[in-house]
Amino acid sequence: MSAKRSTRDIGREMEDKACEYLMSLGYRIIDRNFHGGRFAELDIVARDTEGYLCFVEVKYRHDDEHGGEEGAIGHAKIRNICRCAGYYISNRHISTDTPMRFDVVYIIGSDIRLVQNAFDYIR
């Protein structure tokens with residue numbers, strides 16, 4: 001009998017898979033699981049091949065039976081990611097002139113897909 005994997009273990013495994021996928025596209029992983037104080041967590045912070053600083057959210061679904069990408073990230077989650085990104089920029093002393101964007105890696109079953117510039121910054 002196999003032990004059931006925890007949600008945390010599955011999340012870590014999917015983030016590993018997302019990092020491998022991003023690196024195969026030429027991204028350079030800078031940080032993972034950055035906690036922004038009382039704000040949300042940034043799953044992955046990376047640089048793409050064009051020099052963008054990318055804040056990457058990883059969303060996993062076992063299958064698309066309960067919905068796919070649509071609605072996977074709500075307004076409150078986006079707001080918290082944006083706040084955490086602001087904290088990251090300040091904490092790491094990154095120039096606000098640096099090109100940045102918010103990407104999402106969707107993993108549904110065995111399919112993986114990157115959506116660049118998935119949402120805009122929200123104050």
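Residues numbered from 1 in each chain as written. Predicted model: local features only at pLDDT ≥ 70, side-chain atom pairs only at ≥ 80, totals over all residues. Heavy atoms only, no water.

What follows covers the overall build of the chain. Within the chain, the secondary structure is distributed over two helices and five strands. Helices (α) and strands (β) of the chain occur, in sequence order from the N terminus, as α-β-β-β-α-β-β. The buried share of the chain, reckoned over its 123 residues, is 37%. Long-range contacts, defined here as pairs at least 24 residues apart, represent 56% of the contacts in the chain between residues at least 6 apart. For the chain, the exposed area adds up to about 7,600 Å²; of that, 46% sits on carbon and sulfur atoms. (Helix = DSSP H or I, 4+ residues; strand = E, 2+ residues; numbered from the N terminus. Buried < 20%, exposed > 50% of the residue type's maximum accessible area, 1.4 Å probe, protein only. Contact = heavy atoms within 4.5 Å. Areas by Shrake-Rupley, 256 points an atom, 1.4 Å probe, with all protein chains shown as cover.)

Along the polypeptide, cysteine 82 turns up in helix α2 (residues 75–91). Considered as a pair, cysteine 82 and alanine 40 are 42 residues apart in the sequence and their alpha carbons are 8.7 Å apart.

In this section: the nonpolar core. Counting 19 residues, the largest nonpolar core has Leu42, Val45, Phe55, Ile73, Tyr88, Phe102 and Phe119 as the members making the most contacts within it. Counting residues per element, this core draws most heavily on α2, at seven residues. Apart from the residues within four sequence positions on either side, phenylalanine 102 is in contact with Phe55, Ile81, Cys82, Ala85, Val115, Gln116, Asn117, Ala118, Phe119, Asp120 and Tyr121. Grouped together as the second largest cluster of nonpolar side chains are 13 residues, Leu22, Val56, Val58 and Val105 included. (Core = buried A, V, L, I, M, F, W, Y, C linked by side-chain atoms within 4.5 Å.)

A few words now on the layout of surface pockets. Size it by volume and the largest pocket reaches roughly 550 Å³. Those elements giving two or more residues to the lining of the largest pocket turn out to be α1 (7–24), β2 (41–47) and β3 (53–61). Counting residues per element, the lining of the largest pocket draws most heavily on α1, which supplies seven residues. (1 Å grid on protein atoms, 1.4 Å probe; cavity = no way out; pocket = protein on both sides within 12 Å on 5 of 7 lines; lining within 4 Å. Points joined across faces, edges and corners; volume = space filled by probe spheres on them.)

Following the criterion strictly, the structure yields seven salt bridges and no others. One salt bridge in this structure joins aspartate 48 and arginine 101, with 2.9 Å as the shortest N-O distance. Here aspartate 48, found in the loop between β2 and β3, pairs with arginine 101, found in strand β4 (residues 100–108); they are 53 residues apart in sequence, far enough to count as distant. Accessibility classification places aspartate 48 together with arginine 101 in one group, the buried group. The salt bridge involving lysine 77 is made with glutamate 57; its shortest N-O contact spans 3.6 Å. In this pair, lysine 77 is assigned in helix α2 and glutamate 57 in strand β3, connecting sequence segments 20 residues apart. (Salt bridge = Lys/Arg side-chain N within 4 Å of Asp/Glu carboxyl O.)

Judged by relative accessible area, which is 7%, arginine 101 ranks as buried. A distance of 2.9 Å separates the side chain of arginine 101 from the side chain of tyrosine 27, its partner in a polar contact. Setting aside chain neighbours within four positions, we find arginine 101 in contact with Tyr27, Asp48, Tyr52, Leu53, Cys54, Phe55, Gln116 and Asn117. (Polar contact = N/O pair within 3.5 Å; in protein donor to acceptor, adjacent residues only side chain to side chain.)

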